[in-house]
Amino acid sequence: MAVACEGCSLADCRKSYLMDNSLELIWCCSELPIAVVFDHAHAQHLIVHVLLQPPQSVDLATPLVTDADTIAEIFIGPVTAPLFRDSNRSPRACRVLLATTYDNSPLVCWLRDSPGDLVGVKVDLAGNIAQQVFTIACCMSAVSLDMELLNFGQRKFILALTNSRKMQLFLENMPVSQYETPKDVTEVRDPVAGQFSLYASPSEHSLYRCTLRDMPQASLVKQCLSALAQCLTHNESITVLAAFCRTLRRGATGAGDPEWSTLQSLLCSACDSCGCGGGSESASGFGGSSAWEELLNSDYHLHMRRAPEMARLWQPSTRFAPLVSHWHEEECTAILKKHLPAIVEALHLLLQDLQLNTLCASSALLLARLLSCLASHLKWDSYVDYCWRYFPDACPRAAGGAGDRLPPDVFIWLRGRASQQRCTAMFPSLLPPLCWLTRKVTACYAQLSTPSWAERVVTTMVREGLGRAQLDELPLGVAFPLRAALLACRGNPPSDWSSTAYTLIGRNDLASLAQGGTARRVTTTKRSPSMAVPAEEADQASYSNDLVTSLIFSRDLRLKEVRRLLQSSARVVVDFSKVVASAQDPHAAQQAHMVVLAQRTLSLSVGRGMFELSECRPLATDPLRMPPLTLDCRTHDGHAAVLETQTVPGWAVTMLWPNFHNGAAAGLRLATSTSKITSTWVSYNKPDQQAETHAGFLLALGLRGQLALPLPKLHEYLNAGNELISIGLLLGMAAGKAGTMDNDTLKSIGIHLQALRPSEQIELPVNTQAAALVGLGLLYRNTAHRRTAEIALRQLGHLPTGCKPHDRESYSLAAGIAFGHIMLGRGADSAGLLADLDAASVLTAHLAGVWCSEERMGQGAGASTGTQLQGGNTFPYLVMDQDKCCGESAAAGAAVALCLTYLKTNNQVVASRLQIPANVTLGASRPDVVILRICGRALVLWDSIEATVEWVQQQVPKWAEEQRQLQEAARMRLCAIAGGCLAIGLKFAGSACTCAKRLLLGQLDGLTRHNSLPKTPSGNVTKAALHMCLNVVALSLGMVMCGTGDVEALAVLRRFHRATPDATYGDHMARHMAVGFLFMGGGKITLSTSNEAIAALLCACYPVFPKTTSDNFYHLQAFRHLYVLATECRCLCPVDVDTSLPCAVPVELTLSGPVVLCLTAPCLLPELRHIQTVKIASARHWRMSFGNDALLSAQSPSGIFVPVQRKTGGLPYAEDSNVLSLQAVPSSDPGGDEDGAPLLFETDPEANACFRHFAQSTPDRSLFIRCMTADAPDMLPSCLWLRRCLGNAFDSLSPAEAHCLHLVLDFCAARPVECLDERLLAALELRLGTVLRAECTQRLVRDYARGSGCGSDCAGGNGALAACVAFYGLPPLCELRGLVTKGMTLRDGGTLLPSALLQLLSIR
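So, how was this worked out
- Residues numbered from 1 in each chain as written.
- Predicted model: local features only at pLDDT ≥ 70, side-chain atom pairs only at ≥ 80, totals over all residues.
- Heavy atoms only, no water.
- Helix = DSSP H or I, 4+ residues; strand = E, 2+ residues; numbered from the N terminus.
- Buried < 20%, exposed > 50% of the residue type's maximum accessible area, 1.4 Å probe, protein only.
- Areas by Shrake-Rupley, 256 points an atom, 1.4 Å probe, with all protein chains shown as cover.
- Pairing = 2+ DSSP bridges.
- Axes fitted to C-alpha atoms, helices over the stretch in contact; angles between N-to-C directions.
- Contact = heavy atoms within 4.5 Å.
- Salt bridge = Lys/Arg side-chain N within 4 Å of Asp/Glu carboxyl O.
- Polar contact = N/O pair within 3.5 Å; in protein donor to acceptor, adjacent residues only side chain to side chain.
- Arc of directions from axis to C-beta.

A. Looking closely at the overall build of the protein chain. Each helix and strand counted, the protein chain has 57 helices and 30 strands in total. Going through the 1404 residues of the protein chain one by one, you find that 56% of them count as buried. With the model as given, the accessible surface of the protein chain reaches about 57,600 Å², and the carbon-plus-sulfur share is 52%.

Here it is in structure tokens:
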């Protein structure tokens, strides 16, 4: 029968791998890469290496035939021979188990039925060897049992069932304990978590689930046995442990904890004494004995268990009575006697460790009593004297005989390090895991004498794993220097520490930065926003719950005003009295005025999308919030005025694009970090009507990179034949894959663009093809792709088949935008990439058509075979035929393409081509082309753009300046100024440049006052040009101050909100876009000036805006949302690490130059590439600084969240913007009053409660205030303890506290501590000197020196004497006289005896 593997991962492949009849894999284990194989041919067991996972190249269906010497090749090749082989023939094992040795080495054991023995083989994987170490005879069954071996961790013991139906517990081959079992038990099995099962004979059908509880449970007992084990050999340790277990199971003598009593009896047996140690306390420190143990050991229990009615209740018992025998007890006693001196030294070191833990005071008392008894037996008076010094009421004083070995004293050693005494010897300690606290503390104290002691102490604490929880367990005086080191490093720690070190010193802000460069948990909303709100409240609560936006705009109501300006779901309140006063038909006049207001309402969605950008993070169950476009009005008296849309012709067409923009604005509200947007959620939010709204929503998802539709759903959308859905989907997919040349997206664009299918005649709306063409440019952005660039250049002067001539303008512009994106900033490389196309000459030719009259265009038209341009190249697609191409229609696209191709190249040749010719025909200059040429020339000469009035004036042609009286010259001048302002807006986008703002505000004010135009036939054109220039300058102002919410800019832009008959739908759209730019993302998002961002902004802010809602003649309205591609979240938001909430903090930015900016975060940062360092410049927060790399790593789509930590006693700036909430006022004396000190802790309820407790005592209140203002609340217990020592001196101090007091005084004498008043230390020293000179103290010291008892007239004299001896570090009496006469320094770490004490101790 095959043996089941314990935790085997190869159980399924055992038969497949070993199909040779001579070999059988009987056991393997997932814990170790070994297996046991039985060779039937030689009747031998083999231990081999295995792989935990079989190689994939092995064919499991093919039998493997091999011999025993190469059995390892079944699993791995490197091992050429088994680790172990039986020396003799033996029957096959019926069970294999894994145990461990005393030193935790693996021990493979197998049980053989025929001889009935258990063979143990120790395996050394490092040495690649194994050897048999023992054989246990007369064994019926065995299991390995996981049990804890004292403090050395888990070990796998062997629990064997012998032929005599008794169980024995072995560690290796050493018996630990023996148990009686029921007579019918035949097998032990199923070991799990220290439990096992006993199976009875088949006739009984009984099962017992058992647990062994022989190992000690009390912490002190386990530590003492572990200390003993370090003094003994392995076999001796197991012998002592077995003796302890047997004695414990028999029942310990004496009262108290049975485990501790058992240990005392064992150790006292080595001293031939039964009275040492004593005491009724429990070793665990709680006292008392177990009632259950008493019951089990009672005669009543033994009598009742034999009763017939109790027989069934006995079966499930989990305890078995041990065999009452005396296994080598004499051997255990001899071992303890032999090693008693080493045992005393080990227990003394353990006692030192317990004394450093205030939670182990009761355990230290028990151990001190036992240690005093053992040391007295060895006549080690110095050890006895040590126990009396620290436990004077529990241990006797030494007789003061001849000097012997001196016990190490950890407190004396620590005092020497605190006083900066150099010593290379470290304090002795036991091996791990014992005395871990002693090792950690002494390692830290060893750094106190180094130059950078504070930093080295902290790094040592981190390395040793000594944290704040362990500091709380140390005595206050011992923990004082370590806490002082943490406080010293807290203000300006090194920048290369780990997060653990920063957490240790209390700088959780730096720890968060070290972990990942940003605050991990940030709460930016007051509550979880739901998108399912009533429609009438849809856009009234924008950013009302956003904590960051509330902090940015916390001092006024500008955010509320912007919400009102961009709100489209609420009815407009109108006063119709002035409208209908002079009208012949009041109703018609009212309806006409409502149409004007409706035109403004319909244009608000684009600006609202900017304002609400990335506002919410919906859940998967939340529906999309779609605010309605409410066109009805309300009078002041509350009456409703309904717009009669049925009387307006073509109203359904009028609402198409406004609904599209409304859907886009709703989609842009979704944050880019939202992961719940799936194709299912998108389909769930698809409305049954108003498909154009869903089209805008799809565009918004694509612009944010969240449009991920499966192929069937994509085909379903595109096959629907809806023009707006096709536009939104094509643009969205291309924007989401911008610059990737994604093949699937290219296919979707290709079926909607005739230019990519020249052999097919497709009839698609020109708007769809224009969107597809721009999508093609976005998909191949900045790639300089040869084929795509040629297609875009070809379409610049071409009109698709089936399209009307008036559609030529938007299509040509789309071609120019596409070509500009493909060749974005690659103009310098185009000579090599696109040399055969001569793109610059072609674009110049298209651009020059604007300045040619129609007659000249007809005369200069080339033949139908093509047109020859500069360089001799002929382009068949550039046909100057009046019926197919008009120069004006391609001029705007050519200007955009030429500008983007040579963006920031500073190419003077190309800039000259964009310059307005001096001999231009005045009547043929189109305002939008003039603006584009001026702006394009400036963008090419990027470095020459300056935010000055002089630079703007330089953009105006000289002839326009010279002929100002002409209307055409005035129009040219206005357009040139607008083009210059647009260039300034693009260069300084998102910079909040003060010079640019002042310039644009002045230009905007001048254009607003420019209302006296001559009455000429072209006056209407001039009025339209003025409005165009106003729109461009307003947009430029919004781009420069993007996201800042500047009040001056808002005050100017708010004037344009008023609805007037001469303001078109496009005028309102442009001006509210400027407001949206100003408050983009609620003040958290701004614009970038990268090449990609400039191209997107130029496309979105194209100077020509639609006159009506359905106007796409010059520019497709969907392109207005491409500004999203230029956005960048550079909002620096400090996050309080304690509350995870945003907070206001002053910061200091150092820019390249260097230029220093002082801001209050949350705020928008300049472009990160210009920032060198950022400093937290707040007196209420811990200061820190980080560089550009840390900023880049902390940047996320939601902002730059930087953790900050507020100091104790400093209120947040949102609650107290003037002063700190708590300031320490110097007092006249250490216990003086501090009247007038503000005591406010509103943000910390625990500090408030603590202060109310200490406020009743004036001295305690002063200490509390001092520690809080130094942001050292951890030092408060130590300071209060020093205050208590000032009043009590040695009367109530324990000896350990006296040592700690001297340690603190020595430490403070060498190093100042910020939170500790020097006057308190001086008062302490004065008080101690007074106590030393007191008659009571002198009598106590004389009695100690003479070796007599304490005087009866001195209350508590024994404890006071011990405290005095400990404070001055007096040696044992046997050494005291010699040191006094010689005037020598005390032992290592001690101090010189005071002169008064020397005179006092001069005993004759």
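There is more to say after this.
B. View of the sheet that holds strand S6 (residues 106-112). If you trace the 4 strands from one edge of the open sheet to the other, you get S5-S6-S7-S8, paired in antiparallel fashion. Each edge of the open sheet is held by one strand with a lone partner, namely strand S5 (93-100) and strand S8 (129-136). Here the average twist between neighbouring strands, direction ignored, is 25°. Sheet topology note: the S6/strand S7 (residues 117-124) ladder contains 6 bridges and is antiparallel. Its bridge partner lying in S7, tryptophan 110 is registered against valine 119.

C. Examining helix H32 (residues 786-795) more closely. With 7 of its 10 residues buried, H32 lies for the most part within the structure. Taken residue by residue, H32 has Thr788, Ala789, Glu790, Ile791, Ala792, Leu793 and Gln795 as its buried positions. Of the surrounding elements, those touching the buried residues of H32 are helix H31 (766-779), helix H33 (808-822) and helix H35 (839-848).

D. Geometry of the sheet that holds strand S16 (residues 572-573). Taken together, the 3 strands give an open sheet; going across it, the order is S16-S17-S18, and neighbouring strands pair in mixed fashion. Every other strand in the sheet has two partners, leaving S16 and strand S18 (640-641) as the edge strands with one partner each. Inspection of the sheet shows S16 paired to strand S17 (residues 633-634) by 2 bridges, in the parallel sense. Bridge pairing in S17 places valine 572 opposite cysteine 633.

E. Quick look at the pattern of salt bridges. The tally for this structure, following the rule as stated, stands at 30 salt bridges. The salt bridge partner of aspartate 1046 is lysine 997, with a shortest N-O separation of 3.3 Å. With aspartate 1046 in the loop between helix H44 (1019-1040) and helix H45 (1047-1053) and lysine 997 in helix H43 (residues 994-1008), this residue pair connects regions lying 49 residues apart in the sequence. Classification of aspartate 1046 as buried rests on a relative accessible area of 14%.

F. Up close: the pairing of strand S24 (residues 1145-1151). Burial analysis of S24 places 5 of its 7 residues in the buried class, the great majority of the element. Here S24 pairs with strand S25 (residues 1155-1161) via 7 bridges, running antiparallel. Looking at the pairing, glutamate 1148 lines up with cysteine 1158 of S25. Between S24 and the antiparallel strand that follows it, S25, lie 3 residues; glycine 1153 among them carries a positive phi value of about 150°. Relative to strand S27 (residues 1171-1176), S24 is paired through 5 bridges, and the arrangement is antiparallel.

G. Just the side chain of histidine 1121, in detail. Among the secondary structure elements, histidine 1121 is positioned in the loop between helix H47 (1091-1100) and strand S22 (1127-1128). In this structure histidine 1121 comes out as buried when scored by relative accessible area, which is 1%. A distance of 2.9 Å separates a polar atom in the side chain of histidine 1121 from a polar atom in the side chain of histidine 661. Not counting chain neighbours up to four residues away, the residues in contact with histidine 1121 comprise Val606, Phe660, His661, Ala664, Leu668, Leu699 and Leu703.

H. Spotlight on the environment of proline 493. Mapped onto the fold, proline 493 is located in the loop between helix H16 (476-490) and helix H17 (499-504). Residue class for proline 493 comes out buried when judged on its relative accessible area of 12%. Along the chain, proline 493 and methionine 1184 lie 691 residues apart, while their C-alpha atoms are 9.1 Å from each other. If near-sequence neighbours (up to four positions away) are discounted, proline 493 is found in contact with Tyr502, Ile505, Arg507 and Leu510.

I. Local environment of the environment of leucine 159. Structurally, leucine 159 can be placed in strand S10 (residues 154-162). The class of leucine 159 is buried, set by a relative accessible area of 0%. Separated by 18 residues in sequence, leucine 159 and serine 141 have C-alpha atoms that sit 8.5 Å apart. Residue contacts for leucine 159: discarding those within four places in its chain leaves Ser141, Ala142, Val143, Leu145, Met167, Gln168, Leu169, Val188, Phe196 and Leu212.

J. Structural detail: helix H28 (residues 711-719). Among the residues making up H28, those that are buried are Leu714, Tyr717 and Leu718. Angular distribution of buried residues about the axis of H28 spans 95°; they occupy a single face of the element. Away from its buried face, by an angle of more than 90 degrees, H28 presents the exposed residues Pro712 and Asn719. The inward-facing, buried residues of H28 abut helix H26 (679-684), helix H27 (691-703), helix H29 (723-736) and helix H30 (743-750). Where H28 terminates, the next one or two residues include glycine 721, which has phi positive at roughly 75°.

K. Molecular detail of unusual backbone geometry. Here proline 432 and proline 433 are connected by a cis peptide whose omega angle stands at 10°. When you line up the elements, proline 433 lands in the loop between helix H12 (410-418) and helix H13 (436-445). The linkage connecting alanine 1161 with the following residue, proline 1162, adopts the cis geometry, with an omega of 5°. Take proline 1162: it is sitting in the loop between S25 and strand S26 (1163-1164). In this model, arginine 165 sits at a positive phi of 60°, which is unusual for a non-glycine residue.

Shape descriptors only; they carry no functional weight alone.
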